[in-house]
Amino acid sequence: MKKISLTLLIASALTSPVYAGEVSITWQTPEKYTDIRPSSETREAFQERVAKELGEVFVDLAKKLPDDVKWAITVTDVDLAGDVHPMMRGTANDIRIIKEIYWPRMSLSYRMTDGKGATIAEGQEDIKDMNFMMGMHIPSGHTSFEYEEKMLQDWFRKQQRDKKFPTK
């Protein structure tokens, strides 16, 4: 059982004090995820890139939490937008086809605690964005997985709007 564990801490910036929550992410058995298939790199390198880049999305989201909040996330499944199809030209590179029918999805569990260790939010989520190709989205530049980034941002924003997650 392979587990990629990525701990990302948010601290203050050097120029001005900016405080935020702390997030730790565990990518549980990524080799069993629904779709984390690369098109032109090794599976292991692609899994590491997905964990790193989507981890940065969670770091950005944690900046919107109060500074004493600790957010532990376990990602249990990922289905990236699109679907990988083999190329017919005899090359080793495949191609990811992005269509409306291949929307991004992610399953995760999470737990948020305050500075005293009391649980303030926890749950399991099956996040998806069936309308991922609609509307406008300006990517952060942290990730090449812009549809998944938007999906996570929309989910987080809804959690804060519905008062499930604390705000600064």
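Above this text sits the structure in question.
Please read these numbers as outputs of a predicted model, since none were measured by experiment.

Quick word on the environment of Val69
Point 1. Structurally, Val69 is set in the loop between α1 (43-62) and β3 (70-79).
Point 2. For the pair Val69 and Gly21, spaced 48 residues apart in sequence, the C-alpha separation works out to 4.8 Å.
Point 3. Beyond its immediate stretch of four places on either side in the chain, Val69 contacts Gly21, Glu22, Met112, Thr113, Ile120 and Pro166.

Some points on the pairing of strand β7 (residues 119-128)
Along any regular strand the residues' side chains alternate between the sheet's two faces.
Point 1. Sheet analysis places strand β6 (residues 105-113) next to β7, joined by nine bridges and oriented antiparallel. Bridge pairing in β7 links Leu108 to Glu125.
Point 2. Connecting the antiparallel pair β6 and β7 is a turn made up of five residues, with Gly117 showing a positive phi of about 90 degrees.

Some details on the packing of aromatic side chains
Point 1. In the structure shown here, the tally under the stated rule is nine aromatic pairs.
Point 2. Judged by centre distance (5.5 Å) and plane angle (45 degrees), the ring pair of Trp71 and Phe156 falls under tilted. One end of the pair, Trp71, is in strand β3; the other, Phe156, is in helix α2 (residues 146-161), with 85 residues separating them in the sequence. As far as the burial class goes, Trp71 and Phe156 line up, both buried.
Point 3. Judged by centre distance (5.2 Å) and plane angle (80 degrees), the ring pair of Tyr110 and Phe165 falls under edge-to-face. Here Tyr110, found in strand β6, pairs with Phe165, found in the segment after α2; they are 55 residues apart in sequence, far enough to count as distant. This pair shows no difference in class: Tyr110 is buried, exactly as Phe165 is.
Point 4. Taken together, the ring pairs connect Phe58, Trp71, Tyr110, Trp155, Phe156 and Phe165 into an aromatic cluster.

Cut-offs used in this document
- Note on numbering: residues in each chain are counted from 1, in written sequence order.
- Given that the model is predicted, a residue must reach a pLDDT of at least 70 before its local features are reported, and side-chain atom pairs must reach 80 or more before they are shown or counted; all residues, however, enter totals for whole chains, interfaces and linings.
- Excluded from the side-chain calculations are hydrogens and water; all other atoms, namely the structure's heavy atoms, are used.
- Helix numbers and strand numbers start at the N terminus; a helix is a DSSP run of H or I with at least 4 residues, a strand a run of E with at least 2.
- Note on contacts: a residue pair is in contact if any heavy atoms of the two residues lie within 4.5 Å.
- Strands qualify as paired when DSSP identifies two bridges or more between them.
- Pairing of aromatic side chains requires ring centres within 6.5 Å, counting the rings of Phe and Tyr and the six-membered ring of Trp. Pairs whose planes differ by under 30 degrees are stacked, by over 60 edge-to-face, and all others tilted.
- Type-normalised accessible area, obtained with a 1.4 Å probe on protein chains alone, sets the label of each residue: buried when under 20%, exposed when over 50%, and partly exposed for intermediate values.

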